[in-house]
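# Architecture and fold: a report
Next come the chains, spelled out residue by residue.
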Amino acid sequence: MAESTKHATLTIGDKTVELPIFTPTAGPDVIDIRKLYAQAGVFTYDPGFTSTASCDSTITFIDGDEGILTHRGYAIGELAEKSHYLEVCYLLLNGELPSPAELEDFEALVTNHTMIHEQMHNFFRGFRRDAHPMATMVGVVGAMSAFYHDSTDIADPWQREVASIRLIAKMPTIAAMAYKYSIGQPFVYPRNDLDYASNFLRMCFSVPAEDYVVDPILSRAMDRIFTLHADHEQNASTSTVRLASSSGANPFACIAAGIACLWGPAHGGANQACLEMLKEIGTPDRIPEFIARAKDKNDPFRLMGFGHRVYKNFDPRATVMKQSADEVLELLGVENNPILQVAKELEKQALEDPYFADKKLFPNVDFYSGIILEAMGFPTSMFTPIFALARTVGWISQWKEQLNDPQLKIGRPRQLYQGADLRAYVDIEKR
Ligand code: CMC
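Every chain's residues receive numbers from 1 upward, in the order its sequence appears when written. Local features are withheld for residues below a pLDDT of 70 in this predicted model, meaning they are given only at 70 or higher, and side-chain atom pairs are given and counted only at 80 or more; totals for whole chains, interfaces and linings count all residues. Excluding hydrogens and water, the side-chain values take into account all heavy atoms of the structure.

To be explicit about the condition: UniProt positions are given in the numbering used here, feature names are shortened, and annotations may be inferred rather than shown by experiment.
Where an unreviewed UniProt entry is consulted, the protein chain appears under the name Citrate synthase, with the organism given as Sulfitobacter guttiformis. Recorded in UniProt under Sequence similarities (unreviewed entry), the annotation for the protein chain is "Belongs to the citrate synthase family." If you open the UniProt record of the protein chain and go to Catalytic activity (unreviewed entry), you find "oxaloacetate + acetyl-CoA + H2O = citrate + CoA + H(+)".

So this is what it looks like as structure tokens:
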């Protein structure tokens, strides 16, 4: 970490504490409060981490006011247009874009790890058919530590590499198997002659009776969805992975924890919740009613796919996703699909409404990704598993960065205790 050149002075009663300030490559200055408790005997209070940097990182940067998202310095829009998912994976993991030979090796490595241990098929069969694919994924990814013992030792750099590649390579297979199992169709094995996105589409939509021929436009759109979800700085699921890992937990357990956190509707579950909301609205004439509910402080309803903790101008991922949605809908000839009509009209009316403008609530990535996935033929229950498979590389990159950090400590927040004071136990007959 760089030396601090500035200090903040904090005065509490008669005590004065000097706190170092670090200036990052980009983003606001950060006050280092690590010694605050030792020096002043106080904690800081920030339950939703709205003003707290939990780590230092060189992977991803977001400027929410300007609508900027970069990976290793490259803008997401440029990566989505000129690069592709596996190249972005290499970039996130290694810090630099690969040379042609490095990319070829990396793609071959990932491709050669896409199959899962055959015994895991039986493990899948232990789940109920109607289980949500995210529930299955949390269980199966957690269980990878029981099937791949030889890559769970985090002290061994080689095992860390193997676990990373295994997770990135096997996640599409696991997500597709969770889907196939839920609809009662046989599992489809991966094929090494297909690219990452095409392979996933085929594993989801092919059946033994009829092979699925992947349309290159759909494959490109799928790849873009993966690319746009690859990493997103210290969001809830990434922070969960880092916290789990800080105790020394194995990589499969950490990623399973990330998947569990991602599932919530305020995070990765928003894409499913958004599409379900559009279906509930049903027809454009009902939009004002739902907008009124979203604005009503006494109604817990929120417009799903709108708003973001960090982006207060626009979500740069949503800009690319919207363009991709238009391409896919045109290709599939479903521009007049009623759900899509509702989506377009809702976007228009919400953006014109001062409530949303004043609170800086714009459509986020989940608003458009659900529309594309629905048009491609995925059920809503698969939206969040697709987000999870794409985000795996981000979780892994952050996990690896954390393990290489010489300052690594177990994550252990403190609290503002507001419970009962110390009191004497009361025997049961006296209560
Ligand atoms: N609909 C209506 N009002 C909203 C919405 C919404 N979608 N989002 C925020 N608000 C209001 C909220 O009621 C609050 O109003 P007030 O200041 O009067 O109390 C204000 O805007 C700020 O909201 P907040 O909950 O304090 O903001 P946050 O930063 O804690 O929450 C969020 C961010 C994404 C959880 C929230 O905007 C939300 O619940 N959106 C819907 C769910 C969603 O689309 N999530 C996907 C996020 S993008 C994918 C990802 O990264 O996971």
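### Looking at the sheet that holds strand β4 (residues 60-63)
So the rule is basically this: When DSSP locates at least two bridges between a pair of strands, those strands are taken to pair. Strands are runs of DSSP state E lasting at least two residues, helices are runs of H or I lasting at least four, and both sets are numbered from the N terminus onward.
Within the open sheet, the three strands sit side by side as β4-β5-β6. Their pairing is antiparallel. Either end of the sheet is taken by a strand with one partner, and the two such strands are β4 and β6 (74-75). Judged from the four bridges that link them, β4 and strand β5 (residues 68-71) form a sheet pairing that is antiparallel. Across the sheet, residue Asp63 finds its bridge partner in β5, namely Ile68.

### With respect to empty space enclosed by the protein
As a reminder, the rule being used: A 1.4 Å probe that fits into a set of points on a 1 Å grid over the protein atoms alone but cannot get out defines a cavity; an open set with protein on both sides within 12 Å along at least five of seven lines defines a pocket, and lining residues are those with an atom within 4 Å of a point. Grid points are joined across faces, edges and corners, and a volume is the space filled by probe spheres set on the points. Each residue is assigned to one class: nonpolar for Ala, Val, Leu, Ile, Met, Phe, Trp, Tyr, Cys and Pro, charged for Asp, Glu, Lys and Arg, and polar for all the others, Gly among them.
One pass over the structure, following the stated rule, counts two cavities of 30 Å³ or more. Here the largest cavity defines a volume of roughly 60 Å³. Taken together, Met115, Ile116, Glu118, His121, Thr173, Met177, Phe187, Val188, Tyr189 and Pro190 form the lining of the largest cavity. In terms of residue class, the lining of the largest cavity is built from seven nonpolar, two polar and one charged. A volume near 40 Å³ is recorded for the second largest cavity. In this structure, the second largest cavity is lined by Gly307, His308, Tyr311, Phe314, Asp315, Lys360, Phe362, Pro363 and Asn364. Considering only residue class, the lining of the second largest cavity consists of four nonpolar, three polar and two charged.

### Let's talk about the site of the ligand
Spelled out, the test is: One heavy atom suffices: a residue is near a molecule or strand as soon as one of its heavy atoms comes within 4 Å of it. The term polar contact refers here to a pair of N or O atoms within 3.5 Å; inside protein, the definition further demands a hydrogen-donor-capable atom paired with an acceptor-capable atom, and it admits residues adjacent in sequence only when both atoms are side-chain atoms. Per-residue and other accessible areas follow the Shrake-Rupley method at a 1.4 Å probe size, with only the shown protein chains counted as cover for residues.
Around the ligand, the surrounding shell holds 20 residues, and the nearest of these are His267, Arg302, Leu303, Arg309 and Lys359. A distance of 2.8 Å separates an oxygen atom of the ligand from a polar atom in the side chain of Arg309. A distance of 2.9 Å is found between an oxygen atom of the ligand and a side-chain nitrogen or oxygen belonging to Asn364. Considering the ligand on its own, with 940 Å² of exposed area, one finds that the protein chains cover 76% of that surface.

### Some points on the nonpolar core
Condition: For this analysis, a nonpolar core means a set of buried residues of the types Ala, Val, Leu, Ile, Met, Phe, Trp, Tyr and Cys, connected via side-chain atoms within 4.5 Å. Relative accessibility thresholds used throughout: buried, under 20% of the residue-type maximum; exposed, over 50%; partly exposed, between the two (1.4 Å probe, protein chains only). Contacts are assigned to residue pairs that have any heavy atoms within 4.5 Å of one another.
With 116 residues, the main nonpolar core has Phe200, Met222, Phe226, Leu278 and Phe378 as its most contacted residues. Among the elements that make up this core, the one with the highest residue count is helix α7 (residues 157-182) (13 residues). Aside from chain neighbours lying at most four places away, what touches Met222 is Ala197, Phe200, Leu201, Leu373, Met376, Phe378 and Ile386. If you look at the next biggest cluster of nonpolar residues, it comprises six residues, including Ala8, Val17, Leu19 and Ala40.

### Describing the domain arrangement of the protein chain
In plain terms, the rule: Boundaries between domains were set according to an automatic or database domain assignment. Buried area, as used here, totals the accessible surface that two parts lose on assembly, with accessibility defined by a 1.4 Å probe and the loss added over both. A pairing counts as a salt bridge when a side-chain nitrogen of Lys or Arg comes within 4 Å of a carboxyl oxygen of Asp or Glu.
Here the protein chain is described as being made up of domain 1 (7-63) and domain 2 (72-413). Of the residues lining the interface, eleven residues belong to domain 1; the matching set on domain 2 comes to 15 residues. Its largest share of buried area at the contact with domain 2, domain 1 owes to Ile59, Thr60 and Ile62, together 53% of the area lost on that side. Inspection of the region where domain 1 meets domain 2 yields zero salt bridges. At the junction of domain 1 and domain 2, the tally comes to seven residue pairs in polar contact (both at pLDDT 80 or more). Of the residues that constitute the side of domain 1 that touches domain 2, the class distribution is three nonpolar, six polar and two charged.

### A short note on the sheet that holds strand β2 (residues 15-22)
With respect to topology, three strands assemble into an open sheet ordered β1-β2-β3, the strand pairing being antiparallel. Every interior strand has two partners, whereas the edge strands, β1 (6-12) and β3 (30-31), have only one. Direction of pairing for β1 relative to β2: antiparallel, over a ladder of seven bridges. In the sheet register, Ile12 faces β2, and the bridge partner there is Lys15.

### Some thoughts on the UniProt feature "active site" (unreviewed entry) in the protein chain
As recorded in UniProt, the feature "active site" (unreviewed entry) lies at His308 and Asp366. On the basis of their most widely separated C-alpha atoms, the annotated residues across 59 residues gather in one place, lying no more than 10.5 Å apart. Of the annotated positions mentioned, His308 line the second largest cavity. By relative accessible area, which is 23% here, His308 ends up partly exposed. In this structure His308 touches His232 and Arg317, once residues within four positions along its chain are discounted. Within the structure, the side chain of His308 is placed 3.0 Å from the backbone nitrogen of Val310, a separation counted as a polar contact. Assignment of secondary structure puts Asp366 in helix α17 (residues 365-376). Residue classification places Asp366 among the buried residues on the basis of a relative accessible area of 6%.

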